[in-house]
Structures are given as structure tokens and as C-alpha cells.
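Remarks on the overall topology
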Amino acid sequence: MIFEQVATGGCQSYLVGCDETCAAALIDPEITQIDRYLALANKHGMRIRFLIDTHTHADHFSATQELARRLEVPVIMHRQSRAPFVDMRVDDGEMVLVGDLRLRVLYTPGHTRDSMCLQLADRLLTGDTLLIGGTGRTDLPTGDASALYDSLFNRILKLDPKLLVYPAHDYRKQGHSTLERELASNPRLQKSDRTAFVEMMGNLNLNMPTHLTEALRTNMSGGKTVAQLLGEAASKVSFMSMEELKSRVASDEPGLLVLDVREREAYLEGHIPGAKLLPRGQLELRVNQELPDPTRRVLVYCDLGKVSTLAAATLREMGYARAVALDGGMVAWSEAGYPEKAGTEP
Ligand SMILES: [Fe+2]
């Protein structure tokens, strides 16, 4: 068996593979690590056959849907998951066969309604149900402290105490633990009375995860993250450095159209000399009138370089094959002391 643990910040993903058949499953993959997972599977000569989320993540972005699309393999989640892109919904007591390996599903709601643990030979992938020295929180959507109590005390903790514990989060870089060790030392497991446990979980006063809304939006719907949209746009356009643009503006390069896609007020406060204003929000509808020559080189900029990347990608999609985004934005341009002009449109 191959077993790889990949950490992304505190998030843990797992690649498990069968040596006999070269089939592998990827569990709780994170969106920024797609290339790493694929490289890892290649390194071991494994083919990823299944993508599994142990639950709907609220604090990071799952890569299951994107990988499913690329690899044409199914996404597996518990049947309580609402995500529309799940291909195989599983329930307690069932198994996923990964070559000769058997991943046994244990339904363990509490952190979320769709949480499950996966038992694989001598180890238990506990998702966010049981962490090393902690448990998943129960104060986010579909969390339920009483259900978590049952999942822990009446389910997981009754399994073989020698089982290795591999959680979906490990903030202290401990890697793994055992049920035995957690039973003895995990502070959250010292309250074995239900009422005391529920009360403790209700009084944790944890901060909300940074990307809660976006993580739930994308993980539950299969929609894209802002970073994904930006990444896709950046892969469709080329960029020009601020220095390069500065010298081209100074020499009044013929044929170069500098396009400011910010709002009018920002433009009036200060813009790159000679720039034309066409706010991003009006781009598609005014482009025919404002940019009649699609063969012209158009350098797009905004405040920070993100909106301009999206706008340049849109222009390329619309046939402006020479649309280029500024590597930087007006904020950095001003900070660098590069020339700018205030006032009305040229
Ligand atoms: Fe979680």
C-alpha cells in the first residue's frame, strides 16, 4: 500500500494506493495542490480512481470537482452531502474498493451533517471528526455537538484503540496519532458525559474561518473560487511589466492602446497618461464602439492587477488577440512615482 499525507497549511490530504493494481484514491484534496497530487500519483506509478471528501469543507477549497473533470473519475461523499457534483454517495458500513484496498465508510456526523471517517487496514482517516488533541468544531452550518458526541464516544472510540488516526486537519504538524493516545490525552475527549461535552463545544468561541462563505459556496455548489477565476484568466493572457509600459508610454509607442478599466472617479483622480477609460462593468457592451480595431495591441490596467487580468482575458475571448494585462496596477504605478495624469478623459 502506498500512503502519502500532503499538508497544505493545516489541511491534510491523503493519497492511498494499491501496489497490486496501481489504483489510488485521493482524499480531501485542496485546490492549490492539484499539480502536487498528480505528480505524487505519477511518482508512485498510481492512477487516481476515486476522489473523496470526508465532508463539506468550510475552511478551504476542495479540489475534488476540478480533478474529477480532469481525470474523469468519480467524486465520492456521504449521502448527506448536498454538492451536486458528487457521483457516488455512500453510507455507513459500505466500502469503496481501491484495487485490493478496502476503504470502509463510518458515518460520523457532528462536525457537519455529512461527515464520515474512512477506515483503511490499521488506520482511520478521521476527517474533522477527531483531530490530534482536538475535534472538529460544531458551530458552523449543519454542525451538531450532540451528534459529534455519539460519533466519537459511541462509534470511533469504540474501535480498536491501536488504530492510527490521520485527521483532515493537523495544525501542530504532528502527522498522526492513535485512538489510544487520543483517548488518554485529547482534552476534548476527557468530557465523556454528553451534557458536559455539548456545553464545552458550545463555549469554544472560535473565530470564523477566513473563507467561510466562499468555501461553502464553492464546495457545496461546485462553483469556482475567485482565485480559480483569476488563475484561469491569467493563463489566457500575457502580461507587461510596469517598467516596460512606462518606457513605451514615454516613447508614445504607436499602435499601443492603454485601457483603464477602473471606475470613472478613479480614472479622474489619476491615470496613466494617454489611457482610455472603459470600466470593466461596461466592457462587453461598449467594446465594439470603443475598440473598433480588434487587431490593435491593448494594454489593460486596473488598481491592483486582478480586474485587469479578467478584463484582458475577456477581450481575448472576444477576439482582441493582442490584449495584454499590466503586471501590477495603478496603486503600484503611483507608488513607484511613475507619471500620471489627473482630470478629464483625453
Ligand atoms: Fe471541516
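Here the structure is shown first, and the text comes after it.
Structural notes, computed from the coordinates. (Residues numbered from 1 in each chain as written. Predicted model: local features only at pLDDT ≥ 70, side-chain atom pairs only at ≥ 80, totals over all residues. Heavy atoms only, no water.)

Quick notes on the environment of Leu148
For the record, the criterion: Helix and strand definitions follow DSSP, with helices as H or I runs of at least four residues and strands as E runs of at least two, each counted in order from the N terminus.
Within the secondary structure, Leu148 is located in helix H3 (residues 145-153). With 11 residues separating them along the chain, Leu148 and Arg137 place their C-alpha atoms 9.2 Å apart.

So, unusual backbone geometry
Defined as follows: Buried residues are those whose accessible area, probed at 1.4 Å on protein chains only, stays under 20% of the maximum for their type, while exposed residues exceed 50% and partly exposed ones sit between those limits.
Non-glycine residue Asn205 carries a positive phi angle of around 50°. Among the secondary structure elements, Asn205 is positioned in the loop between helix H5 (194-202) and helix H6 (212-221). The class for Asn205 is exposed, based on a relative accessible area of 71%. One non-glycine residue, Asp252, adopts positive backbone phi at about 55°. Structurally, the position occupied by Asp252 is in the loop between helix H8 (242-250) and strand E16 (256-260).

Here we look at the pairing of strand E2 (residues 11-17)
Heads up, the condition is: In this analysis, strands are considered paired if DSSP registers two or more bridges between them.
Taking burial as the measure, the seven residues of E2 include seven buried ones, the bulk of the element. Side chains of E2 alternate between two faces, with Cys11, Ser13, Leu15 and Gly17 and Gln12, Tyr14 and Val16 buried alike. The sheet contact formed by strand E1 (residues 2-8) and E2 spans seven bridges and is antiparallel. Its bridge partner lying in E2, Ile2 is registered against Gly17. The loop that links E1 with its antiparallel partner E2 comprises two residues; one of these, Gly9, has a positive phi angle of about 60°.

Some words on the coordination of the iron ion
Selection criterion: Each metal's donors are the N, O and S atoms within 2.8 Å of it, or within 3.2 Å when it is Na, K or Ca, and because water is not part of the set, sites may look incomplete.
Here the iron ion is held by His55 (NE2), His111 (NE2) and Asp128 (OD), and the distances to it run 2.0 to 2.4 Å. Taken in sequence order, the residues that donate to the iron ion follow the motif H-x55-H-x16-D. Pair noted here: His111 is in the loop between strand E8 (101-107) and strand E9 (116-120) and Asp128 is in the loop between strand E10 (123-127) and strand E11 (130-131), with a separation of 17 residues, a long-range link.

Let's talk about the pattern of salt bridges
Keep this limit in mind: For this analysis, a salt bridge means a side-chain nitrogen from Lys or Arg found within 4 Å of a carboxyl oxygen belonging to Asp or Glu.
Counted according to the given criterion, the structure contains 19 salt bridges. A salt bridge links Arg155 to Asp92, with the shortest nitrogen-to-oxygen separation between them at 2.7 Å. With Arg155 in the loop between H3 and strand E13 (164-167) and Asp92 in the loop between strand E6 (88-90) and strand E7 (95-98), this pair connects stretches of sequence that are 63 residues apart. Look at the salt bridges and you will find they share partners, linking Glu244, Arg248, Glu253 and Arg297 into a network.

What to know about the packing of aromatic side chains
Applicable threshold: Centre distance within 6.5 Å is the pairing criterion for rings of Phe, Tyr and Trp, where only the six-membered ring of Trp is used; planes under 30 degrees apart are then read as stacked, over 60 as edge-to-face, and the remainder as tilted.
Summed over the entire model, instances satisfying the criterion amount to seven aromatic pairs. Between Trp333 and Tyr338 the ring centres are 5.0 Å apart and the planes differ by 85°, which places this aromatic pair in the edge-to-face class. By relative accessible area, which is 17% here, Tyr338 ends up buried.

Brief notes about the sheet that holds E1
Here is the rule: Every axis in this analysis is a line fitted to C-alpha atoms, fitted for helices over the stretch in contact. Angles between the N-to-C directions lie between 0 and 180 degrees. Any two residues whose heavy atoms approach within 4.5 Å at even a single point are treated as in contact.
Spatially, six strands are ordered E1-E2-E3-E4-E5-E6 in an open sheet, and the strand pairing comes out mixed. Each edge of the sheet is formed by a strand with only one pairing partner; in this case those strands are E1 and E6. The average angle at which neighbouring strand axes cross in this sheet is 25°, direction not considered. Contacts between helix H2 (residues 64-71) and the sheet are confined to strand E3 (23-27), strand E4 (47-52) and strand E5 (75-78), with E4 contributing the most and set at about 145° to the helix.

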